[in-house]
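# Chains, contacts and geometry: an overview
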Amino acid sequence: MNQTLEAQTREAQASQSPTPEPAQSQSIAVEIYDQIYHLRGTDPVYIERLAAMVDAKMRAVSAHGNTVDSLRVAVLAALNIADELCCARDRSDNLAGSLQNSQQSLRSRAGNLSHLLDELLEDRKVG
């Protein structure tokens, strides 16, 4: 998990600043579902945000279920998060496909307009 957090933290930092500085991995204590976890990463704010999201999801699952077993709550929360991730990936893929189609359409229209403009300019030269 630590490697994933470190990789995601590096990606988040790289997208925020044009010249990322080498970041030092540090330990941060977070509370998830009344348990303290010591995680390592380069961006404590990002790690705290992730922990808060997991905590909220676990509490929501617990509130809607009949189980008090924290492992079961964690697995159900993980399934909910995985579902959200899959849906977000599907939306992203659909948007990427739409964008690609739009780009192809625009290129085609630009090519047609360029051709028409060339014809018009050629007619003016002749006439």
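The preceding data block contains the structure.
Residues numbered from 1 in each chain as written. Predicted model: local features only at pLDDT ≥ 70, side-chain atom pairs only at ≥ 80, totals over all residues. Heavy atoms only, no water.

Below, the discussion takes up the overall build of the protein chain. Each helix and strand in the protein chain was counted, giving three helices and two strands. Walking the protein chain from its N terminus toward its C terminus, one meets helices and strands in the order α-β-β-α-α. Among the 127 residues that make up the protein chain, the fraction classed as buried is 18%. (Helix = DSSP H or I, 4+ residues; strand = E, 2+ residues; numbered from the N terminus. Buried < 20%, exposed > 50% of the residue type's maximum accessible area, 1.4 Å probe, protein only.)

What follows concerns a negative patch on the surface. Negative charge collects at one region of the surface, where Asp118, Glu119, Glu122 and Asp123 lie side by side. Following the sequence through the fold, Asp118 ends up in helix 3 (residues 70-126). The partly exposed category is assigned to Asp118, whose relative accessible area is 48%. (Patch = residues over 30% accessible without salt bridge, like charges linked within 9 Å, V, L, I, M, F, W, Y side chains within 5 Å. Areas by Shrake-Rupley, 256 points an atom, 1.4 Å probe, with all protein chains shown as cover. Salt bridge = Lys/Arg side-chain N within 4 Å of Asp/Glu carboxyl O. Lys, Arg positive; Asp, Glu negative; His and termini not counted. Charge placed at Lys NZ, Arg CZ, Asp CG, Glu CD.)

Judged by nonpolar contacts, Ile28, Val30, Ile32, Tyr33, Leu39, Ile47, Ala51, Met58, Val61, Val73 and Ala77 together constitute the single largest core of eleven residues. Going through the elements one at a time, strand 1 (26-32), helix 2 (44-64) and helix 3 are the ones with two or more residues in this core. At four residues, helix 2 tops the list of elements feeding residues into this core. The contact partners of Ala77, leaving out residues within four places of it in the chain, are Lys57, Met58 and Val61. (Core = buried A, V, L, I, M, F, W, Y, C linked by side-chain atoms within 4.5 Å. Contact = heavy atoms within 4.5 Å.)

Note that side chains of opposite charge can pair when their charged atoms are close. Under the criterion given, the structure shown has three salt bridges. Linking Arg59 and Asp55 is a salt bridge whose minimum nitrogen-to-oxygen distance equals 3.0 Å. Note that Arg59 and Asp55 are positioned in helix 2 at a spacing of four residues, about one turn of the helix. Here Lys57 makes a salt bridge to Glu84, at a shortest N to O gap of 2.4 Å. In this pair, Lys57 sits in helix 2 while Glu84 sits in helix 3, placing the two residues 27 residues apart along the sequence.

Closest axis-to-axis distance for the helix 2/helix 3 pair is 8 Å, and the angle between their directions is 115 degrees. The orientation of helix 2 relative to helix 3 falls into the category roughly perpendicular. The chirality of how helix 2 crosses helix 3 is right-handed. Contacts between helix 2 and helix 3 involve Val54, Lys57, Met58, Val61 and Ser62 from the former and Ser70, Val73, Ala74, Leu76, Ala77, Asn80, Ile81 and Glu84 from the latter. (Axes fitted to C-alpha atoms, helices over the stretch in contact; angles between N-to-C directions. Parallel < 35°, antiparallel > 145°, perpendicular 65-115°, else oblique. Left-handed = near helix turned anticlockwise from the far one by under 90°.)

Quick look at helix 2 now. For helix 2, which comprises 21 residues, the first-to-last C-alpha distance of 30 Å matches the rise-based estimate of 30 Å (1.5 Å per residue) to within 8%. All buried positions along helix 2 are accounted for by Tyr46, Ile47, Leu50, Ala51, Asp55, Lys57, Met58 and Val61. (Expected span 1.5 Å × (residues − 1).)

Here we take up the pairing of strand 1. Bridging between strand 1 and strand 2 (residues 35-41) involves seven bridges; their strand directions are antiparallel. Within the sheet, the bridge partner assigned to Ala29 lies in strand 2 and is His38. Connecting the antiparallel pair strand 1 and strand 2 is a turn made up of two residues, with Tyr33 showing a positive phi of about 55 degrees. (Pairing = 2+ DSSP bridges.)

In this structure, Ala51 sits in helix 2. Judged by relative accessible area, which is 5%, Ala51 ranks as buried. Each C-alpha atom, one on Ala51 and one on Ala29, is 9.8 Å from the other, the two residues being 22 residues apart in sequence. Once residues within four sequence positions are removed from consideration, Ala51 is found in contact with Val30 and Ile32.

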